[in-house]
Each structure stands twice: as structure tokens, then as C-alpha cells.
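# Residue-level structural notes
Below, each chain spelled out in residue letters.
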Amino acid sequence: MANVTFDTQWRESMRDLMDLLEMDPVEEEQTEEEAFQHHAFLYIKYVQVYKNLEECYDNVVHPQKRRDILVVLEAVMGRMLEIKDFLIRLRKSQYINLDDILVDLKLIPEVLELPVPRYFTEDRRKVIEEREKLLEKLMEQYQISQQAEEEKEEEEGGEFDRNDAIQIIQRNERGRQGRQRARIMKDIKEQEERERKREHGGGKFDEFSAAVMVQKVFRGHRSFMAAQRLRQEELEFIGMEPSRHAKGHVDPVQKQDATHHRRKIIQAQHEENYLNAIEEVRKKLEKHEGPDMREEMMETIWQWINKEKELKGAFPQYPEDEEGGSKIIFDPPPPPQEEEEDAEKDKKDKKDKKDKKEDKKGGKKDGKKGKDKKEKGGDDGENEEEKGMKPSHFILPMRKGTEDYVTIWQDKDESSNFAQRHDVEMLKEMLRPEVREIVRVKEVDPTMREELENWIKKEEMEKAAKAGKKGKGKGKGKGKGGKKGKGKGKGKGGKGGKGGKNKDPTSDRTTESLYAELVSNNIIQKIPDVRLTDYVGHFKNIDSIMSRAGVQVEPSMAQIRQALVETCIIPLGSQAVHESAPVVNTVLLYGARGTGKTMLAHAIAAETGATFINLSPMITNGKYTGKSVSLMLHMAFKVAKLMAPSVIYIDEADRVFLTDKKKLKDYPPLFEPAYRIKKDMLKEMKALKPEHRVLVVGNASKPYDCASSADFKAFKNFWNRIFYLPLPDYSSLQYLWKHLIEQKGGAVSKQLDIQTLSHIAYMSGYSAGAIEEVVKKLLTQRRVQKLDRKPLTCAEAIAALAKVDPVFAEEEANLHAWTNKVLGIENS
């Protein structure tokens with residue numbers, strides 16, 4: 001696509017955003033249902049703007065345009081998450097069904113599919129590659145990768161037993177003999193058929209009859225092939241069959257990928273040129289415009305000095321660097337009257353708060369239970385104020401971004417910039433304030449401070465000469481005052497020193513040494529190459545209707561992808577969003593085995609280029625025993641903060657909070673109990689701040705084992721968000737079978753009835769992991785080579801499916817019961 005295509009898309013997105021900002025935020029009061037409908041509409045529109053801006057940022061090659069797009073894109077992402085958080089609080093559900101609103105807007109459910117911003121990893125490609133190289137080097141040094149390969153080889157198969165080898169040879173020989181016998185019998189039958197036709201076929205054809213017969217057969221064959229071709233074209237057109245391109249045909253998807261790759265190369269070149277130009281232009285500005293800036297600022301400072309001297313009768317003290325230096329002169333603080341008014345207001349507010357507290361003291365005990373419920377139970381104990389929409393941190397950046405677009409880019413003539421390189425004049429405008437600040441700090445302040453001190457000394461000497469000892473006395477008084485000020489500074493420093501009670505046990509160690517130690521213990525691991533799109537599945541279309549009918553609806557796989565992008569990936573990938581959007585530091589993924597919990601944890605880390613720290617009980621078993629477990633947690637969280645973004649993964653998270661010794665016997669034995677990390681983990685979680693991009697992802701297959709009230713409460717309250725991963729529905733299973741077969745090198749033929757396989761898998765309760773296992777067993781390397789001669793059949797797939805265990809009804813019922821318990825729904 002041409003550059004103008006994405007410029008047009010950017011213009012349309014900014015217009016849509018301006019329209020949205022006229023409706024957001026809402027100033028008039030609304031009922032709960034009106035608020036939901038209005039904000040759901042805003043959410044859908046923000047999603048559309050987000051997708052368009054993300055595509056623009058990924059494809060635009062102009063470096064200055066990309067920076068302006070990024071500012072607005074991050075603000076749109078943040079506002080989108082704020083609105084989604086509000087909708088979740090309104091509906092008290094992690095998944096919001098917007099089917100009816102999409103129908104009113106004449107949109108398909110796929111509009112809500114959120115792509116992962118590609119710049120999360122592409123803009124940090126060098127950092128991520130360097131980190132991967134370091135990790136691979138350390139893994140090779142500590143022989144971690146070799147151990148993993150040896151374990152894999154042992155799992156895939158070792159040496160054959162002699163009896164097993166004999167049985168395999170016998171089976172192959174019997175099969176060969178059977179095929180040979182069938183071939184001979186087929187030849188005999190064909191020979192007998194030819195002889196029978198010769199005996200009862202009648203006389204020979206004359207030339208005319210033979211010609212008619214040949215024509216009839218040829219025309220019939222040609223008509224049949226034409227009908228087959230038309231049928232195939234129709235099926236390809238409506239998406240019921242994969243397209244079969246002729247020789248020399250260029251696949252449009254491949255062509256688009258090649259064009260995108262070329263754009264990324266140009267984008268990288270323009271970015272590099274822009275960064276080099278910044279330094280060059282800065283030096284030129286310092287050289288050519290720096291002297292004028294210096295003179296102008298010095299003149300302004302002299303005017304201030306003379307004005308202060310006229311008012312006070314003496315030279316003023318030059319502002320210290322800690323106070324901002326001459327910046328106070330150019331940007332003076334508000335007048336003292338306003339400060340006094342503000343102070344009075346603050347005093348009044350404090351008095352009002354104290355009066356309110358005194359009034360509420362009597363009802364404090366009665367409201368204690370309700371308060372605890374709010375703190376521990378989440379949405380159930382919300383106040384009326386919290387149900388409303390909170391003030392947004394992203395409205396102002398969006399408005400500023402739209403204003404900058406209208407001012408700078410909307411009517412800008414770029415006819416002479418076909419290659420979309422950076423604009424030098426814009427770069428100068430951007431760098432002038434920075435150069436002015438450099439000149440002020442490095443040249444103006446030292447010079448003016450020295451000159452002013454000289455003038456003050458000169459004035460003091462003149463006064464001393466006139467007044468004699470009086471002048472010296474005054475000088476001494478001033479000196480004491482200076483000492484007093486220093487004393488105050490020391491006092492503040494002393495107070496700051498008292499705050500360091502919690503000493504860092506690893507303060508004398510570098511980040512690299514901590515990282516290497518965690519790698520040596522296999523706690524920091526390499527992320528498999530998986531993406532969120534590998535968790536395949538569709539949206540459902542009637543969830544809103546079923547919810548209104550009182551039916552408890554399971555989330556679709558597409559909804560889970562959407563929720564993880566909003567809750568985990570966007571805040572983890574963007575620092576600006578993470579600091580201001582609703583904070584989510586802990587996420588629990590629970591469901592039956594094979595539902596994709598571990599894969600999704602890996603996908604979250606892979607999509608954001610995060611450091612993957614595995615604190616699962618089986619990984620940490622036998623490591624950092626006894627009291628040193630606190631050191632392990634401290635090191636893990638310290639490295640996670642320093643090498644952010646980071647994902648701390650805990651498999652079998654329910655085991656960490658389980659204290660029932662009887663139920664612990666059902667799990668594989670450990671050197672020390674899994675709950676040994678619980679106390680220190682809670683402590684480290686409290687130390688996390690909004691600027692720390694650290695996400696704890698827990699997986700659980702048996703959350704219902706935390707059955708006691710204490711275990712359940714501790715387990716539930718630890719997680720900010722809890723997501724249930726259900727078994728795939730019928731439509732998702734159809735797509736899943738096709739996706740996995742094609743991924744393994746196979747093809748879906750007419751002999752393979754996907755609908756039948758999906759129905760069997762859906763009714764039997766097979767998970768996505770079970771189906772992946774079936775496809776792996778079916779499509780071996782040898783079987784893939786035979787697919788041209790012998791396509792995959794439904795009977796083969798059913799036979800392989802029968803050998804894999806489904807998720808049993810009892811296990812699924814336990815998971816549903818635990819879900820209801822978390823949501824506060826009584827089990828029927």
C-alpha cells in the first residue's frame with residue numbers, strides 16, 4: 001500500500017476520535033442501563049479507532065508522524081481499558097456480551113477482536129534479541145538446554161524390547177502379504193470382467209458408431225469437468241473450500257507480507273536517520289542560536305535583579321540549582337495570596353473530614369463487616385460512588401493529540417516529501433526548548449550567579465567601608481542564617497534515611513549476577529514461540545439473549561483472547577497505560593487439563609517480549625530450601641522489576657494456597673510444601689508500584705481443592721482477575737481441527753468430515769489439548785508424505801480420538817461449582 005493510504009486512514013481515525021471526545025466523558029446523570037448502553041457504544045468505537053491507529057503506527061514510515069500517532073494510540077488504549085473496567089463493574093462479570101449492540105450497529109462480532117500491538121516487540125527488537133542471546137549463552141553454560149533435550153528424547157521413545165520389535169516386523173510382513181494378495185485378486189477379477197464383456201459385448205463398431213461413442217464420452221467428460229470447476233470456484237468464493245491457485249498466480253497474502261516487510265526496512269532506515277539528525281540539529285542550534293538565547297536570558301535575569309533591588313533595596317539571592325535555578329525567574333510560582341487561599345481551603349477540608357470521622361465513629365463497628373466484604377470480596381461491596389465512572393487519565397492526552405494533528409499535520413503540504421523522511425524545521429522547533437534549557441543550565445546560571453555574587457560582595461564592601469564594624473556584624477548574621485538552612489537540609493536527609501528499614505539482601509550484587517543465578521536454577525526460562533492467535537476459537541452470537549433469559553453462559557475462546565489482551569498484554573507492553581489504567585498485577589487462569597493455560601501464559605510473555613520467571617512448585621522444588629526461600633522471591637521480583645516487562649508464572653497455583661494435608665497427598669510429593677513461597681510472595685506483591693510492569697500469572701486445574709474458608713478466601717483474594725478457560729464449543733472445534741491439521745502439514749479433504757469430528761469431540765468433552773495430541777499422532781512425517789495418494793479419513797481420526805481421555809463430567813462439574821462460588825451464585 002502507498003503512504004497516502006495510511007495517511008488517509010490516520011485522518012479518518014482522528015476524525016472519529018474527535019467525534020468520540022464530544023460524547024466522552026458524559027456530563028449528565030444516567031441510569032445504570034443507560035450508562036451501560038452509552039459506554040458499551042463508546043467502547044466499540046474506541047476499539048475501532050485503536051485498530052486503525054495501531055495499523056497506521058505499524059505501517060507509517062515517517063518518524064515524526066509515528067511519534068504523534070503513538071501518543072494518541074496509547075491514550076486510546078488506556079481509555080478503552082478504563083471503559084471496559086467500568087462495564088465490568090456495572091455487570092459484575094469479567095466478560096461483557098455486546099451482541100445486541102453490535103446488531104444495532106450492523107457490525108459482526110469479529111470487530112471486537114483486539115490485535116496485539118506489534119510495536120511492543122518490534123520497537124524493542126534489539127533489546128529482546130540481546131536478552132535472548134544472553135539467556136541462551138547462560139543456558140548452554142549451565143547445561144540446561146541439553147538436559148531438556150535429553151528428557152524430551154526419553155519421553156519420545158527409547159530402545160525397543162525384542163518381543164516388541166518382532167511384533168512390529170510381523171505386523172508389517174502380514175500387511176505386505178495382504179496387500180500383495182489383494183493386488184493379485186484384483187488383477188484376476190479385472191481379467192474375468194474383460195473376458196465376460198468380450199463374450200457378451202456383441203459385434204464390432206463401425207467407424208460412425210465409434211466416432212459417436214468417442215464424442216459422447218469426451219463431451220460428457222468436458223461437461224463434468226466444467227461443472228466441477230464452477231462448483232469449486234463457487235465454494236472458494238463463499239469460503240467453503242480452500243483456494244487452489246493456478247501456476248504463476250501470486251498469492252495476495254504473500255504479496256501483502258512482502259510489501260509490509262519492505263515498509264519495515266524503510267521505516268527502520270528513516271528512524272535511524274532521524275535519531276542521527278537529532279544530535280546534528282541540536283549541535284547546530286547550540287552553535288548558531290545558542291548565543292542569542294544566552295543574551296536574551298541574561299537580559300531577562302538582569303531585569304529581574306534590578307526590579308528586586310528596587311523593591312527590597314538590596315540585591316536578591318540567586319535561586320539555587322535544587323530550586324530550579326533561573327527557571328523560577330522565567331516561570332514564577334503563583335502569587336502568595338493564592339497560596340494562602342489554598343492553605344485555608346486545605347485547613348477547612350481537613351476540619352470537615354475530622355468532623356465526618358467523628359460522626360461516623362459510632363457506626364464504625366456496625367459497618368466493619370461490610371468493609372471487609374468490600375476489601376476481600378471484590379465487586380460485591382462497592383459503594384455507590386465507586387459504581388460511577390472514575391475521572392479519566394487519558395482524555396486530556398487524546399484531546400492534545402487531536403489538536404496537534406489539526407495544527408501540524410491536517411493541512412501540511414507534503415508534495416515534496418514523497419519518501420516520507422523527517423521534517424528538519426519541525427525537528428528544530430522540537431529541540432529549541434531543550435537547547436534553551438541546556439544553555440540556561442550550563443552557561444547562563446553559572447555566569448549570572450558568579451556576577452551577582454561579585455556585585456553583592458562589592459556592595460557589602462562599600463557598606464563595610466562606610467559603616468565599619470556594623471557591616472561585618474551583618475555579614476556574620478547572614479552566615480549563620482546560611483548554616484541554619486544547611487542544617488534543615490541535613491534534617492530532611494536524616495528523615496529519608498530512617499525509611500530504609502527493609503534492607504536489600506542483594507544490594508551488593510549486579511542485575512547480571514542475579515539473572516545468571518536464576519537461569520542456573522531454571523527459574524528464568526526461554527519462552528516458546530507461541531502467540532495469542534494460537535489459542536483459536538470464535539465468538540458466540542447469542543450470549544446476550546441467553547444471559548437475559550437467566551442462563552449462565554460460558555465465555556467463548558475469542559472473549560478470553562480479548563480479555564487477556566486488555567487485562568495482561570496492553571498494560572504490560574505500554575508503560576504509559578500501565579501507570580494510569582486500572583491496575584492488574586495478578587491473573588489466574590483455571591480450567592481442565594488441555595484447555596491452554598500454560599500456552600496462554602507463554603503467549604502473554606511472548607507478545608510483550610517479557611522476561612519469563614517460573615516460580616511453579618515443581619520448578620522450585622529442592623531449591624532455596626528453608627529460610628532462603630525469601631531470598632529466592634526477593635531475587636525473582638527484583639530481576640522482574642529491573643528487566644521489565646516481566647511475567648512471573650506459577651503453575652499449580654492452587655497448591656501454593658492449599659493447607660489441607662489430606663488433599664496435598666493427591667499431588668506429586670515435594671521436598672518442601674508448595675505454600676512455603678506464599679508469605680514472601682504476598683510481601684513482594686505489596687512492594688509493587690504502578691510503574692513496575694510485573695504480572696503474576698497463575699494456572700490451576702483443581703482450584704476447588706482450596707475448599708476450606710481460609711484457603712478459598714486467601715486464594716481468591718490474591719488474584720485481581722480470575723478467568724475460566726472452558727472446553728471449546730462446536731464452531732470453535734471445527735476451526736480448531738482444520739487449523740491443527742493444516743499446521744502439521746495436512747489438508748482437509750472430502751473424506752475427512754470435520755463436522756462429524758467436531759460433534760463427537762463436543763459431545764464427549766474433549767479439550768483443545770486432546771485434539772492437538774490426536775492430530776500429532778495422526779499426522780506423522782510418513783503419513784504426511786502419503787496424503788496425496790491416501791487422504792486422511794474420518795475413521796482414522798475417530799480411532800485416534802478414542803485412545804485419548806476426554807474431560808470427565810465430574811471434573812467439569814467441580815470447575816463449574818467453583819466458578820459459581822467465586823461469582824457468588826448458588827449451585828442448583
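Residues numbered from 1 in each chain as written. Predicted model: local features only at pLDDT ≥ 70, side-chain atom pairs only at ≥ 80, totals over all residues. Heavy atoms only, no water.

## A word on the overall build of the protein chain
Selection rule: For helices the rule is a DSSP run of H or I covering at least 4 residues; for strands it is a run of E covering at least 2, with both sets numbered from the N terminus onward. For every residue, the accessible area (1.4 Å probe, protein chains only) is compared with the maximum for its type, and the residue is labelled buried under 20%, exposed over 50%, or partly exposed between those bounds. Contact criterion: two residues are considered in contact whenever any of their non-hydrogen atoms come within 4.5 Å of each other. Note on areas: Shrake-Rupley, 1.4 Å probe, and residue coverage restricted to the protein chains presented here.
Broken down by element type, the protein chain carries 35 helices and six strands. Buried positions account for 37% of the 828 residues belonging to the protein chain. Of all intrachain contacts in the protein chain linking residues separated by at least 6 positions in sequence, the fraction that spans at least 24 positions is 82%. With the model as given, the accessible surface of the protein chain reaches about 51700 Å², and the carbon-plus-sulfur share is 52%.

## So, the pattern of salt bridges
Rule in force here: The working definition used for a salt bridge is a side-chain nitrogen of Lys or Arg within 4 Å of a carboxyl oxygen of Asp or Glu.
The tally for this structure, following the rule as stated, stands at 34 salt bridges. A salt bridge links Asp-85 to Arg-89; the nearest nitrogen and oxygen atoms lie 3.3 Å apart. Of this pair, Asp-85 and Arg-89 both sit in helix H3 (residues 63-91), four residues apart, which is roughly one turn of that helix. Relative accessible area serves as the criterion here: at 11%, Arg-89 is assigned to the buried category. Across the pair Arg-432 and Glu-429 runs a salt bridge, and its minimum N-O distance is 2.8 Å.

## Notes on the pairing of strand E2 (residues 586-590)
Counted only if it meets this: Pairing between strands is defined by DSSP: at least two bridges between them are needed.
Judged by how many residues are buried, E2 sits mostly within the fold: five of five residues are covered. Residues Thr-586, Leu-588 and Tyr-590 point to one face of E2 and Val-587 and Leu-589 to the other, with burial holding for every one of them. When E2 meets strand E5 (residues 694-700), the two strands line up parallel, connected through five bridges. Its bridge partner lying in E5, Thr-586 is registered against Val-696. Two elements, E2 and strand E6 (residues 721-724), share four bridges in a ladder whose sense is parallel. Paired with Leu-588 across the two strands is Ile-722, which belongs to E6.

## Comments concerning the packing of helix H10 (residues 252-288) against helix H11 (residues 290-312)
Note the cut-off: Every axis in this analysis is a line fitted to C-alpha atoms, fitted for helices over the stretch in contact. Angles between the N-to-C directions lie between 0 and 180 degrees. Orientation is classified from the angle alone, with under 35 degrees giving roughly parallel, over 145 giving roughly antiparallel, 65 to 115 giving roughly perpendicular, and any other angle giving oblique. All residues other than Ala, Val, Leu, Ile, Met, Phe, Trp, Tyr, Cys, Pro, Asp, Glu, Lys and Arg, Gly among them, are scored as polar; the first ten of these are nonpolar and the last four charged.
Put simply, H10 and H11 touch, their axes get as near as 4 Å, and they point 55° apart. Considering the angle they form, H10 stands oblique to H11. Contacts from Leu-285, Glu-286, Lys-287 and His-288 in H10 reach Gly-290, Pro-291 and Asp-292 in H11. Across the contact of H10 with H11, the residue classes break down as two nonpolar, two polar and three charged.

## Remarks on the side chain of Asn-59
Within the secondary structure, Asn-59 sits in helix H2 (residues 32-59). By relative accessible area, which is 6% here, Asn-59 ends up buried. Contact partners of Asn-59, with chain neighbours within four places excluded, come to Phe-6, His-260, Arg-263 and Gln-267.

## With respect to the packing of aromatic side chains
Convention followed: Centre distance within 6.5 Å is the pairing criterion for rings of Phe, Tyr and Trp, where only the six-membered ring of Trp is used; planes under 30 degrees apart are then read as stacked, over 60 as edge-to-face, and the remainder as tilted. Think of it as a cone above the ring: NZ of Lys or CZ of Arg counts as a charge over the ring if it is within 6 Å of the ring centre and within 35 degrees of the ring normal.
All told, the structure shown has 15 aromatic pairs when counted by the stated rule. Consider the rings of Tyr-590 and Trp-818, whose centres lie 4.9 Å apart with planes at 75°: the pair is edge-to-face. In this pair, Tyr-590 sits in strand E2 while Trp-818 sits in helix H35 (residues 809-823), placing the two residues 228 residues apart along the sequence. For the pair Tyr-590 and Trp-818, one class covers both residues: buried. When its relative accessible area of 3% is taken as the criterion, Trp-818 is described as buried. Chaining the aromatic ring pairs together yields one cluster made of Tyr-590, Phe-657, Phe-712, Phe-715, Phe-718, Trp-719, Tyr-724 and Trp-818. When the ring centre of Phe-36 is taken as reference, the NZ or CZ atom of Arg-91 above it lies at 3.7 Å. The ring of Phe-712 has Lys-821 lying over it, and the distance from NZ or CZ to the ring centre is 4.3 Å.

## Some thoughts on a nonpolar patch on the surface
Selection rule: Patch construction takes residues with relative accessible area above 30% that form no salt bridge. Like charges are linked within 9 Å, and nonpolar side chains (Val, Leu, Ile, Met, Phe, Trp, Tyr) are linked within 5 Å.
The grouping of Ile-184, Met-185 and Ile-188 at the surface amounts to a nonpolar patch, some 260 Å² of accessible area in total. Counting through the fold element by element, Ile-184 comes out in helix H8 (residues 162-200).

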